[in-house]
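Report on the structure
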Amino acid sequence: YMYGKLKQHMEEKRPYLDPDYSLDVLVREMFSNKSYISRIINVCTGMNFSQLVNRYRVEYSMEIFRENTDLKVREMADLSGFHSQVSFNMAFKLFNNMTPGAWCKDYRDRTSIGEKDLSSLQEQVR
């Protein structure tokens, strides 16, 4: 139950976008205590608080890139709540097995191929 509340809080309020977000802040927001929240995170996700926050930040960075493929990796890191591009790169690679730059290039390539295929298909129909 508590993990569901925690997850809903993270997804709806997006507190992880604050670079200074901490376990202490989460504990106050959840009206709980550190050891209980830490244990819930660990048991339900297999991660610690920092890893969980970084996962949310990485997922958010991918989400905003999909909406604006002109974003630079540095901008993605800043907008996602990371203190540095180095920590962003490390977290991104941990969760996606590739660097953010490689992922962005791959995403651009995949979407531009899809657009080319769609426009050629539309021309064939005419």
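For the structure itself, consult the block above.
Read on for a plain summary of the structure. What you are looking at is a predicted structure, and each value in this text was computed from that prediction instead of being measured.

**Considering unusual backbone geometry**
- Here the phi dihedral of Arg14 falls at roughly 50°; this positive angle occurs in a residue that is not glycine.
- Classification of Arg14 by relative accessible area gives partly exposed; the value is 31%.
- Of note, the phi angle at Phe31 is positive, near 55°, even though the residue is not glycine.
- The residue Phe31 is located in the loop between α2 (23–30) and α3 (34–45) in this model.

**Some details on the environment of Cys44**
- Along the chain, Cys44 turns up in helix α3.
- In this structure the C-alpha to C-alpha distance between Cys44 and Gly4, which are 40 residues apart in sequence, comes to 9.8 Å.

**What to know about α2**
- For α2, the full list of buried residues reads Leu23, Leu26, Val27 and Met30. Along the long axis of α2, the arc covered by the buried residues comes to 100°, so they all point the same way.
- Buried residues belonging to α2 abut α1 (2–13), α3 and α4 (49–67).
- One or two steps after α2, the chain reaches Phe31, where phi turns positive at roughly 55°.

**Topic: the environment of Ser112**
- Summarising the element assignment, Ser112 is placed in helix α7 (residues 100–125).
- Within the structure, the side chain of Ser112 is placed 3.1 Å from the backbone oxygen of Asp109, a separation counted as a polar contact.

Basis of the calculations
Residues numbered from 1 in each chain as written. Predicted model: local features only at pLDDT ≥ 70, side-chain atom pairs only at ≥ 80, totals over all residues. Heavy atoms only, no water. Buried < 20%, exposed > 50% of the residue type's maximum accessible area, 1.4 Å probe, protein only. Helix = DSSP H or I, 4+ residues; strand = E, 2+ residues; numbered from the N terminus. Arc of directions from axis to C-beta. Contact = heavy atoms within 4.5 Å. Polar contact = N/O pair within 3.5 Å; in protein donor to acceptor, adjacent residues only side chain to side chain.

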